[in-house]
Structures are given as C-alpha cells and as structure tokens.
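Understanding the architecture of this molecule
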Amino acid sequence: MTAAEKTLIDQFGEARENLPGNGEAWMDDARSSAIRTFEKNGLPHRRLERWKYTDLRAMLGQIPAPATGTPVSDLPDHDGINAHTAFASIERYHGVFVNGYFQPQLSNLEDIEGVEIVNLRGNFNNFPDWVKAGLGNTSVFEGNAVLALNTAFAADGIALRIKAGATIDKPIHLDYVTTGDEAATISVRNLIIVEKGAQATLVETFTGPRDVAYVVNAATQITVEEGARFTRIKVQDEGLDAFHLANMQITAGENTRCHDLTLTLGARVSRNEVNVGFSGENADVTIAGASMLAGKQHGDTTLCITHSLPSSNSRQEFKTVLDDYARGIFQGCVIVKPHAQKTDGRQMTQALLLSPNAEMDAKPELEIYADDVECAHGATAGDLDEEYLFYLRARGIPEAKAKALLVAAFVAEPLEKIEHEGLREGLFQLTNAWFDRRKGEA
Amino acid sequence: MLVIENLHAEVEGEPILRGLNLEVGTGEVHAIMGPNGSGKSTLSYILSGKEDYDITQGSITYKGDNLFDMSIDERAAAGIFLAFQYPIEIPGVAAMTFLKTALNAQRITRGEDELTTPAFMKLVKEKTAALNIRPEMLRRSINVGFSGGEKKRFEILQMALLEPSLCILDETDSGLDIDALQLVAEGVNRLRSPERSMIVITHYQRLLNHIIPDRVHVLSAGKVVRSGGKELAMELEKNGYAEYEDQKINAA
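Structure report, in brief. Note that this is a predicted model, so its numbers are computed, not measured.

What counts and what doesn't
Residues numbered from 1 in each chain as written. Chains lettered and ligands numbered in written order. Predicted model: local features only at pLDDT ≥ 70, side-chain atom pairs only at ≥ 80, totals over all residues. Heavy atoms only, no water. Helix = DSSP H or I, 4+ residues; strand = E, 2+ residues; numbered from the N terminus. Rg over C-alpha atoms; globule rule 2.2 N^0.38 Å. Contact = heavy atoms within 4.5 Å. Areas by Shrake-Rupley, 256 points an atom, 1.4 Å probe, with all protein chains shown as cover. Pairing = 2+ DSSP bridges. Buried < 20%, exposed > 50% of the residue type's maximum accessible area, 1.4 Å probe, protein only. Salt bridge = Lys/Arg side-chain N within 4 Å of Asp/Glu carboxyl O. Axes fitted to C-alpha atoms, helices over the stretch in contact; angles between N-to-C directions. Parallel < 35°, antiparallel > 145°, perpendicular 65-115°, else oblique. Left-handed = near helix turned anticlockwise from the far one by under 90°. Nonpolar A, V, L, I, M, F, W, Y, C, P; charged D, E, K, R; others polar. Phe/Tyr/Trp six-rings, centres within 6.5 Å; stacked < 30°, edge-to-face > 60°. Lys NZ or Arg CZ within 6 Å of the ring centre and 35° of its normal. Buried area = accessible area lost by both parts, 1.4 Å probe.

**Some remarks on the overall build of chain A**
Across its full length, chain A holds nine helices and 19 strands. By the compact-globule yardstick of 22 Å for 442 residues, chain A fits well, its C-alpha radius of gyration being 21 Å. When its C-alpha atoms are laid out on the principal axes, chain A stretches across 70 × 55 × 45 Å. Excluding contacts between residues fewer than 6 apart, the proportion of contacts in chain A whose partners are at least 24 apart in sequence is 83%. For chain A, the accessible surface area stands at approximately 17300 Å², while carbon and sulfur atoms represent 44% of it.

**A look at the sheet that holds strand 7 (residues 199-207) of chain A**
Residues and elements named next belong to chain A. One open sheet holds the 10 strands; their spatial order is 2-1-5-7-9-11-13-15-17-19, and the pairing between them is mixed. Each edge of the open sheet carries a strand with a single partner, namely strand 2 (101-102) and strand 19 (374-382). Pairing between strand 5 (residues 172-177) and strand 7: six bridges, direction parallel. Pairing of D175 across the sheet is with T205, part of strand 7.

**A few points about the side chain of T178 of chain A**
Topologically, T178 of chain A is positioned in the loop between strand 5 and strand 6 (185-194). For T178 of chain A, a relative accessible area of 10% translates into the label buried.

**Digging into the environment of Q249 of chain A**
All names here are of chain A. Tracing the chain through its elements places Q249 in strand 10 (residues 243-252). Residue class for Q249 comes out buried when judged on its relative accessible area of 18%. Sequence separation between Q249 and E273 is 24 residues; the distance between their C-alpha atoms is 8.5 Å. In this view, Q249 contacts V140, L147, T220, Q221, I222 and N275; residues no more than four positions away in its chain are not counted.

**With respect to the pattern of salt bridges**
Residue and element names in this part refer to chain A. A full pass over the atoms with the stated rule returns 38 salt bridges over all chains. In this structure, the salt-bridge partner of D10 is K6, at a minimum N-O distance of 3.2 Å. Separated by four residues within a single helix, D10 and K6 lie in helix 1 (residues 3-15), roughly one turn from each other. Overall, the relative accessible area of 36% leaves D10 in the partly exposed class. In this structure, D361 and R327 form a salt bridge, with 2.9 Å as the shortest nitrogen-oxygen distance.

**A look at the sheet that holds strand 12 (residues 223-228) of chain B**
Residue and element names in this part refer to chain B. Ordered in space as 6-9-10-3-11-12, the six strands form an open sheet in which the pairing is mixed. With one partner strand each, in any of the chains shown, strand 6 (80-83) and strand 12 form the two edges of the open sheet. Taking the axes of each pair of neighbouring strands and ignoring which way they run, one obtains an average angle of 20 degrees across the sheet.

**Brief notes about the pairing of strand 2 (residues 14-24) of chain B**
Residues and elements named next belong to chain B. In this sheet, strand 2 lies alongside strand 1 (residues 2-11) in antiparallel orientation, the contact comprising eight bridges. Following the sheet pairing, V11 is matched in strand 2 by E14. The turn joining strand 1 and strand 2, which pair antiparallel and follow one another in sequence, is formed by two residues; a positive phi near 45 degrees is taken by E12.

**Here we look at the pairing of strand 10 of chain A**
The two faces of the sheet receive side chains in turn, since in a regular strand these alternate between them. Residue and element names in this part refer to chain A. Of all 10 residues making up strand 10, nine are buried, and the element is well covered by its neighbours. As paired elements, strand 8 (residues 215-224) and strand 10 share 10 bridges and run parallel to each other. Bridging across to strand 10, V215 finds its partner in F243.

**Side note on the packing of helix 1 of chain A against helix 2 (residues 25-41) of chain A**
Residue and element names in this part refer to chain A. Between helix 1 and helix 2, the shortest axis-to-axis distance is 11 Å and the interhelical angle comes to 165 degrees. By the angle between their axes, helix 1 is roughly antiparallel relative to helix 2. Of the two elements, helix 1 crosses helix 2, and the hand of that crossing is left-handed. Residue-level inspection shows E5, L8, I9 and F12 of helix 1 in contact with helix 2, the latter providing R31, I35, F38 and E39. In terms of residue class, the contact of helix 1 with helix 2 is made up of five nonpolar, no polar and three charged.

**A few points about the packing of aromatic side chains**
The description of an aromatic ring pair uses the distance of the two centres, along with the angle that the planes make with each other. Inspection of the entire model under this criterion finds 16 aromatic pairs over all chains. Ring centres of F124 of chain A and F127 of chain A lie 4.3 Å apart, and the angle between their planes is 40 degrees; this geometry places the pair in the tilted category. Given the relative accessible area of 6%, F127 of chain A is considered buried. Pairing W434 of chain A with F435 of chain A gives two aromatic rings, centres 6.2 Å apart and planes at 70 degrees, and the pair type is edge-to-face. The exposure class assigned to W434 of chain A is buried, which follows from its relative accessible area of 2%. The class of F435 of chain A is buried, set by a relative accessible area of 13%. Members of the aromatic cluster, joined through ring pairs, are F390 and Y391 of chain A together with Y45, Y53, F84, F98, F146 and F154 of chain B. For the cation-ring pair, R395 of chain A lies above Y391 of chain A, with the distance from its terminal atom to the ring centre recorded as 5.3 Å. Note that R395 of chain A overlies the ring of F81 of chain B, its terminal NZ or CZ placed 3.9 Å from the centroid.

**Quick word on the interface of chain A and chain B**
Each side of the interface is counted separately: chain A has 17 residues, and chain B has 33 residues. Carbon and sulfur atoms make up 70% of the area that chain A and chain B hide from each other, which totals about 2000 Å². If you sort the residues of chain A by the area they bury against chain B, F390, Y391 and R395 of chain A come out on top, with a joint share of 41%. Its salt-bridge partner being E155 of chain B, residue R395 of chain A comes within 2.7 Å of it at the nearest N-O pair.

**Examining helix 5 (residues 145-153) of chain A**
Residues and elements named next belong to chain A. When you tally the buried positions in helix 5, you get nine out of nine residues, the bulk of the element. Turning to helix 5, its buried residues number three or more, namely A145, V146, L147, A148, L149, N150, T151, A152 and F153. Residues of helix 5 that are buried in the fold lie against helix 1, helix 2, helix 3 (56-59), strand 6, strand 8 and strand 10.

Take it as geometry only, folks, not as evidence of what the structure does.
What follows is the structure, given as structure tokens:
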C-alpha cells in the first residue's frame, strides 16, 4: 500500500462519524463496502487497462484532507470568462456548492415545479426510497476505485427527481466552486432520476483557484426512464493545479433521448469517466465532448457504452485540442451483447495538435457479440491547416486571432448540437476565449 | 500604387517568375493574361504574402513601402485584397463572424475604432443586397455548402466590405456561368474608383468584356512579354497564346 492509499484510509476513519447519514445502517453499509473495495484495489494504476494512460497511483502523491463546509454569504470574484460567468446571464435554476457543500442561501432550487429535491445533508431518516436505492447501490463502484472513494467520502450532493411527464422550463445549473488557498479533497455525489416522459437539462460547472492542488471527486448517477429526454452539459474549468476525477453513470430506458456534453478546460490532471447502460429498447444516447488543454495538462476521457438490449443508437463524438506539452487521452468502448441486435453505435475522436510536444492517445475498443448491428469508429490527429490560416490572414486577421478562430472552429461541431441557445452561446464564449486565456495564464 | 521590378521567385528550387516588371497606377485596372503555368497565380500569392515562395531577386513597392517588410495580415490591413480562384471551405467558422472579425481586425491595425454590431449589420445588409446574397448564407461556415457562384460572390462581398486599395482577382471567372459572371462583374465594377487599383488575372478574354481594363499584359514563362490596351485582349482571344508558348520554350 502506498503512503497516499494509507492516508486515504486513515482520513476515512477520522471523517466517517461526521459524514452525512452516519448511523443509518444502509448508508453505513454502503460506505464500509466502498472503503473495503478501495482497500482491496488501492488507487488505479497503469497496469489496469482502463487506467493505462493515467497512472493515478503515481500521479496522486499527496492527498489533501477532506474539505470542511461552512456556509458562505458571497462567492469569490470571478473575473473574465470562465465556466462560472459564461452561464450567469441565462435564466436558470441555480444550485451553488462551495468546496463541495451545498449553499441554499446562494441557490434558487426550491420549488421548481415538477422536481423533488433532496439535499444529502438532510435527514437521512426521511429520505425517500429512490434516494436510498440510488445511494445505497454498492454494485456501481465494483472495479471503480475512484467511485468507491466517492461513496466512502461523499460529504454533500443533491438528489433530483424530475417527476413523470414534467417539462422543466429552464436548465438546472449545479455550480461547484472551490475557494481558499488550502488544498482540500472535495467529494460530491449527485443522483438524478428523470421519470417517464419528463424533459430536463442539467448543467454542471466546476471552477476553482489557480496554484492550489485541490482534488475534486465528483460522481453523478442518472436514470432516464421510458420516453424521457435528458441533456447534461458539464464544463470542467478547474484551477490549473487541481485534480478532477469524475464518474457519470447513465441508464437509458425505452425510447429515451440522452445527450451528454463535457467541455474540459481546466485541471492539471483530469479523468472524465462515463458509463452508459440501457434498461429499454430504442434509446438514443449521445456522449460528446471537447477538451482544450495546454501547458502540462493531462486530460483523460474514458467511456463505456454497453448495449445489452436491442435497437438502440449510441454516438460518441469527441474533439481534443492540445498545445505545449499537454496530453489528451480518449478511451472509448462500445460493447454490444449477443441479444442487442439492431444496435447502431458510432464513435469518432479527433485531435488537433498545436505543438510538436503535445500527445494524443486514442484507443477505440469495440466488442461486438451480435451479428445484425452497425458499428463504426474513427480517430484522427493533425495540426492546424496552413491554407485555412492563410485565408484568414489574407483578410487582415492577425495570426494569433486567426489561430484562435480555427481552434474554436475545430471544437464547434459537438457544441452546435446543444439546442438551448443561451447554453450554446455560453459554451462558444468559453471555446472562443480559450486561446487568449491560456496564453495569459502560461 | 504598385511597382514590381525584376521579380524572380521560385518554389522548391523551381523558378516560376523570371524578371517580372509591372507598374499599376492609382485607379487603374490592369489585366494579366497568359497561358497556364505562366506564373499568374504565383504573382497573386506573392502579392498577398503567401510563404511558399522564395524571392530570389527584385522588389515590390506598394504605396511607396517595401511589400516584403509586411506580414500577410498587415498587407491586408494596408489595402491589398486577393479574391481567390478556389476559395477554401473552413468548417466551424461562421461567415458572418469571419467578416466582422476581419473588418474590425483591419480597423484596429489601422488605428481606427471597431464597428459596433448594429453598424456592421447595416453595412452587411447593404452590401449583400447588391450582390444578391441571402443573409442565411452568412450564418453558415465559410464557403461550406456554397455553390461555385456563391463562393465567388462571397469573395466579392468581402472585397466590398473591406474596401481595399488594390484588388487582385485571380481567375474570378473560372467555373461561372454567364449569369453568375455578370453578377460578379457588376459587383467588381461598382468598386471601381479613382482611388482603387485592380489587377484582373484571367485566362480568357470574356471577363474583360464586363470589366474593361485600362491595360492588358501578357505573362509568359514568368515575365511580362507584351503590354497594350484593351484591344490586346481581343487579339489574344482570336489568336490564342501559341506564339507566347513558343517564347516559353525558347526561354526554357
């Protein structure tokens, strides 16, 4: 066991009695089972195929103490364009977390019509069954040490139930802000159920200070029931010394449409893991993303879509821009089980390398056990097209500005598919500003 | 406006221009004609600053300044505009965003204020109407899904918006049917002014029925071998480039 692994186990021993739900048998069981799983496996390392390029055991030397929560009256100033400001002018339901703790006084999630909300720091005694079933489900972290740690340490989070048939009129924005000069480990756990025929859009943004090596471990479990439509947009814009470790699990029901888009801009090391399963046929799932990395950033996107039932579509569309010494990783797996006939699964990952020292590792994995399916994958990597650059400069656009335009254009495709205009514009604001922001911070 | 003296240029050691001389006065329209491979497009690229060419001899003076001291975008801001023979498609950059960025970038380089969005939109509306360009077209990515005629009209729209001092039209007639050609030529003619010079590069004479040049030059094997008035274009149409092809062989 490494020093970091031992620290984590010690930290859990000290933290557990103050964690929400302590003393509730079902929650105690879930946490104990999670820490045992972690003790058995330790931090993920490169000899595990899914962690081949992100050796967390080697990278995560120091484990900051779990964050402590106090209510705050104001958020720190956010200057310029970032994930916190990009959506500020949009009409939304806003839920603010500071250092992983929900801040009801800064939020307006109360009384959204058609939504039941449960705060994980509430009274565990009175939690409805759907929350208990979600949080108490220990099968989700099997073989996933990061999610096991999240279950063990989760100090706050929100459970949302979008009621059957409800259409939520505005996006629900969960805004995770990290503050302070002291590095801490932040563990948040969210649970979302979109019931039959409901429609909702969720936005999650992560921001934090520069020069602080904090760790965010965020997990979101999503169940989309029959006929529902769900969109989730995540913007990871953490401080450039942070670790961001995220897990999302989606279960898509019959005739559902699920669209997930992650924009990765921040963190020194990030791992965005998405696992998709199906509970019904004819579902349509898109998992998309754009990563823009510079300096020595390391950004890992790992996806697994498991088609266990027939007749669903899945799409994976990823764009990665890398400058300086940045490293991008895309591991995309599509599994089609023997009975999942008529599956249509497509995967595309494209990288733009702006520097000879940048590195992209793309690893498509298709495991197909059914014979009547359509599956395709593609991966490209290249540098900026000189002809494009010349055309723009020949119209008087200076080189740096022309490059910024082309870089933003490269990642535009997955963003253009976001239907909500304000959210789409906010995303474009972030990708358009990337070139200048990173130069300013270098 | 423009003085080119004894210009020699090569690509990967292969000479393309071999002692080209050309002088274009303010407000003049010059046509450059010549057989394929005579160096017409190379000249247009060198004027706009494309970096694929080695200049081995000679000079280009633009408005009294050494053109070789200016970067691609500085040349554009100083008023040089090349309408491309094959305008490229740039997915993801909206045509409207591109126009606004280009116009404001040039204004900033020249020390002028940026145009506000309403002022810019008004200007675009005015210019697109004259060129029969649908505003929806500008919401698309640059040249993506544009027809051949639309691409050429979009080049002329950029020219109309940016109001350059020296317009270089590289085979703007290629791939256009007669209606499209007329529309493009009208757009160009509207831009003719005593302050604006033009270099019209073309293989065929037909464009010059619509854009009447002050001078016509024949380019062959990398230099100007004959100059004359607009009647020279008619002569070339009748006799072809055969006699100049011979000179090329002799030169080589």
